[in-house]
Amino acid sequence: MHVLWLVSMTLPQAALACGLSHASDVSGGWLTGQLTALRGRADLQLTVACVNGQCKEALCGEHGGVTYRILPGGGDFSRLLQAVHPDLVHIWGTEYAAAAAMDQAARALGLPVLVGIQGVMEDCAAHLCDGVPEAYLHSTPLDRALDRLIPGALLDKLQSSFDALARSEAALLGTARHVTGRTGFDRRAVERLAPLARYYPCNETLRPLFYEGPLWQPRDFGRGPVVLLSQGNYPLKNLHTVLQAMPAILQRWPDARLRIAGWPPLDKGPLLRPLIVRLFPYQRYCRRLAEALGVAGHIRYTGPLDAAAMRQAYLDADLFLLPSSSENSPNSLGEAMLLGLPCVASRAGGIPDMLTDGTEGRLYGQALDADGLARTVTAVLSAPDSGAALGQAARRRALHTHDPAANADALCGIYQTILQEDAR
């Protein structure tokens, strides 16, 4: 069977095949992981189409038995499908414009379409700015005029973008016939948003590097445990609640450190600093909050990390923290679990389907509950084994959930089921 994937980013394998400078593996790890697991299967021919708005012309290449196409801004999907002749189209993600265009083109040609739900944009949009004070949520006419000159991260603009993405997702799912997901959370969303669809469960395979090499080991951190956060540049990831929890953690461990993977708040020097501060209200809020709470000196941003650097960041931490207000099946949590790192997470979305509270990690109640977050972090770090038993149980769970061979078999089984139904 010949399956065409549509993805919203340029995968490293696609960049290599098409002669581009190597694409980053900072994101999209579930795609590269699944590709690696599927490679070489005799029952599957894969063509992967990557949408890249920065490319000025369509590119094509082959690597590892997979054909890759890089499409500028989407391209002409009808022409692509007629040239490729796939048996089935698998659209990864629901909210980007190219997904709807590909769905329409495939339907017009009578091709079956499988839609893979990633996050649930309806829920992301609903919780995007939870806990951020009202004063930071609304921009002025001057802010919007400046933003047109130097694009920033105005929260009302971001909210409008998320709302639009949620509408796009709802429109695509509203007519979908086949949807794949992983959690009870996304299954309920599909039941609501895709009433015509059959739901196919299939877990994700993560980046290959996280299945090999040394595992996390507890250390004597004394007064200075390291808590790792996978990102904190927009409010859905809930850095602000972590900052509110830090004083209680520091009361127990005065040298505790919070490491945040990703870019630090933008700074273009003293002349542009007032403008940057104005155009990035969430970063402004978090900086002011950290200063007011006296925790600013305990925070460090790592810069963006590739797979190897992110793996090392997990190994160098004493606890992984995922406090998001909305998630489905976060790859960062799966990667931390694969390495055996003790994890604390909110109960948002599909997180409870990945990790059992009390045996494979710890979940705290509401994402915005800073006191609950601090108590849960403290309970794990103060355990006699520093959470090592939780981490070992988490690894066993993750090896099952993210088993490459099992997930590749499950996905190919889904393809075969859809094609058999379509043939009837």
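What you see is a predicted model; the values in this text were computed from it and never measured.

Cut-off values and rules
- Residues numbered from 1 in each chain as written.
- Predicted model: local features only at pLDDT ≥ 70, side-chain atom pairs only at ≥ 80, totals over all residues.
- Heavy atoms only, no water.
- Axes fitted to C-alpha atoms, helices over the stretch in contact; angles between N-to-C directions.
- Helix = DSSP H or I, 4+ residues; strand = E, 2+ residues; numbered from the N terminus.
- Parallel < 35°, antiparallel > 145°, perpendicular 65-115°, else oblique.
- Contact = heavy atoms within 4.5 Å.
- Nonpolar A, V, L, I, M, F, W, Y, C, P; charged D, E, K, R; others polar.
- Pairing = 2+ DSSP bridges.
- Polar contact = N/O pair within 3.5 Å; in protein donor to acceptor, adjacent residues only side chain to side chain.
- Buried < 20%, exposed > 50% of the residue type's maximum accessible area, 1.4 Å probe, protein only.

**Student:** How would you explain the packing of helix α9 (residues 239-252) against helix α11 (residues 281-293) if you had to name every residue and give the values?
**Tutor:** Viewed as axis vectors pointing N to C, α9 and α11 meet at an angle of 5°, and their least axial separation amounts to 10 Å. Between α9 and α11, the angle falls in the class roughly parallel. From α9, L239, H240, L243, Q244 and P247 reach across to α11, where they touch Y282, Y285, C286, L289, A290 and L293. For the contact of α9 with α11, a count of residues per class yields 9 nonpolar, 2 polar and no charged.

**Student:** Give me the lowdown on the sheet that holds strand β8 (residues 198-201), citing residues and values where you can.
**Tutor:** Strand order in the open sheet formed by 8 strands is β3-β4-β2-β1-β5-β6-β7-β8, with mixed pairing between adjacent strands. Because the sheet does not close on itself, it has two edges, and the strands there are β3 (59-63) and β8. Mean inter-strand twist for the sheet, computed between neighbouring axes without regard to direction, equals 25°. The pairing of strand β5 (residues 88-92) with strand β6 (residues 113-116) spans 4 bridges and is parallel. Bridge assignment links H90 to a residue of β6, and that residue is L114. Relative to β5, helix α4 (residues 97-108) is tilted by about 165°, and along the sheet it contacts β1 (2-7), β2 (45-51), β5 and β6.

**Student:** Any chance you could break down the side chain of N52 for me, citing the residues and the numbers?
**Tutor:** Following the sequence through the fold, N52 ends up in the loop between β2 and β3. A polar contact of 2.9 Å, which involves the side chain of N52, links it to the side chain of T10. Setting aside residues up to four positions removed in sequence, N52 forms contacts with T10, I70, L71, P72 and G73.

**Student:** Quick one: what's the story with unusual backbone geometry, residue by residue and with numbers?
**Tutor:** It is generally the case that most residues other than glycine have a negative phi and that most peptide bonds are trans. For N238, which is not glycine, the phi torsion reads 70° and is therefore positive. Looking at where N238 falls in the secondary structure, it is placed in the loop between β9 (226-229) and α9. Judged by relative accessible area, N238 falls into the buried class, the value being 0%.

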